[in-house]
Amino acid sequence: MKEYVSKQHQILRPVEQIYMAISRFDNLTPALQDKVEEWQATEDTCSFKAKGFTVKLRMEEKVENKHIKITGDQGGVPIDFAFWIQLHKVSDCDTRMRLVLHIELNIMMKMMIGGKLQDGIEKVAEGLASAMNGVVPEGFKGF
C-alpha cells in the first residue's frame, strides 16, 4: 500500500471541538449537500455521486480526540484504501492535524495519479484546517 501524508496544519481550536465536528458524516451535510450529487449521511456512513460514480464511505475507527479512520463501504469505492484524520493536542486552543491516505494502486495507477493524490490530500488538509480556523480558502467557497 502506498502512503500519502499531508503537512501538519495548526488549528487554533480545542481538539475536542474539532473532533466533534469531523467525527460524524452527518455533521458535514450543510457543507457538502450542495457540492456533490445525491449526498446522504448518517453518523458513520455517507454516500454521494462524483463524476457519475457512487462513492460510499464509512468511519471504521474513531479514537476520541486522536484520530478517525475512513474506508470504502460495501458497493462503493472499488479501490482498497484507508483515510486517516489525525489530531494532536498541543495546548487548550492549539491542535495539529494531519491527513494520511493509504491506498492500493498498481504501478500504472501510481504513475498516472500518484502526484494528483498527494496534491489532493494537501488541498483537503489545507481546506479543512482553514475552515476550522474560520478562513475560507479559494476553491472552498460555501464551507
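Conventions and cut-offs
Residues numbered from 1 in each chain as written. Predicted model: local features only at pLDDT ≥ 70, side-chain atom pairs only at ≥ 80, totals over all residues. Heavy atoms only, no water. Helix = DSSP H or I, 4+ residues; strand = E, 2+ residues; numbered from the N terminus. Rg over C-alpha atoms; globule rule 2.2 N^0.38 Å. Buried < 20%, exposed > 50% of the residue type's maximum accessible area, 1.4 Å probe, protein only. Contact = heavy atoms within 4.5 Å. Areas by Shrake-Rupley, 256 points an atom, 1.4 Å probe, with all protein chains shown as cover. Lys, Arg positive; Asp, Glu negative; His and termini not counted. Charge placed at Lys NZ, Arg CZ, Asp CG, Glu CD. 1 Å grid on protein atoms, 1.4 Å probe; cavity = no way out; pocket = protein on both sides within 12 Å on 5 of 7 lines; lining within 4 Å. Points joined across faces, edges and corners; volume = space filled by probe spheres on them. Nonpolar A, V, L, I, M, F, W, Y, C, P; charged D, E, K, R; others polar. Expected span 1.5 Å × (residues − 1). Bend = angle between axes of the 7 residues up to and from the residue. Polar contact = N/O pair within 3.5 Å; in protein donor to acceptor, adjacent residues only side chain to side chain. Phe/Tyr/Trp six-rings, centres within 6.5 Å; stacked < 30°, edge-to-face > 60°. Lys NZ or Arg CZ within 6 Å of the ring centre and 35° of its normal. pLDDT = per-residue confidence, 0-100.

Moving on, we come to the overall build of the protein. Along its length, the protein carries 3 helices and 8 strands. Starting at the N terminus, the α and β elements of the protein follow one another as β-β-α-α-β-β-β-β-β-β-α. The C-alpha radius of gyration computed for the protein amounts to 15 Å, which stays within 12% of the reference 15 Å derived for 143 residues, consistent with globular compactness. In terms of principal-axis extent, the alpha carbons of the protein reach across some 45 × 30 × 30 Å. Residues classed as buried in the protein amount to 35% of the 143 residues present. Across the protein, the fraction of contacts at a sequence separation of at least 24, relative to all contacts at a separation of at least 6, is 45%. Carbon and sulfur atoms provide 53% of the accessible area of the protein, an area that totals close to 8700 Å². Computed over 19 positive and 20 negative side-chain charges, the inter-centroid distance for the protein is 4 Å.

Estimates place the volume of the largest pocket at around 1800 Å³. Considering the residues around the largest pocket, the lining is formed by 43 residues, among which Leu32, Phe48, Leu57, Phe83 and Val124 are closest to the centre. At the level of elements, helix H1 (15-22), helix H2 (29-32), strand S4 (45-50), strand S5 (53-63), strand S7 (81-91), strand S8 (94-103) and helix H3 (107-132) are the ones that each hand at least two residues to the lining of the largest pocket. Examining the composition of the lining of the largest pocket, we find that 11 residues originate from one element, H3, more than from any other. Per-class residue counts for the lining of the largest pocket are 34 nonpolar, 4 polar and 5 charged.

So, on to H3. Taking 1.5 Å as the rise per residue, H3 with 26 residues should run 38 Å; its terminal C-alpha atoms sit 36 Å apart, in good agreement. In H3, a bend of some 55° at Ile113 exceeds every other bend along the element. Among the residues making up H3, those that are buried are Gly114, Ile121, Glu122, Ala125, Gly127, Ala129, Ser130 and Met132. You can read the cap of H3 off the contacts: a side-chain oxygen lies 3.1 Å from the backbone nitrogen of Met108, and it is on Asn106.

With that settled, the discussion passes to the packing of aromatic side chains. Evaluated as defined, the whole model comprises 1 aromatic pair. Here the basic side chain of Lys2 rests over the ring of Tyr4, its NZ or CZ set 5.5 Å away from the ring centre.

In this section: the environment of Ser91. By the element assignment, Ser91 lies in strand S7. With 31 residues separating them along the chain, Ser91 and Glu60 place their C-alpha atoms 28 Å apart.

Quick look at the confidence of the model for the protein now. Per-residue confidence for the protein gives a mean pLDDT of 88; residues scoring 70 or more make up 94%. Between the elements of the protein, mean pLDDT differs from a low of 78, seen in H2, to a high of 97, seen in strand S2 (residues 9-11). Contacts from residues 136-143, a stretch scored under 50 in pLDDT, to residues over four places away or in other chains number 10 contacts.

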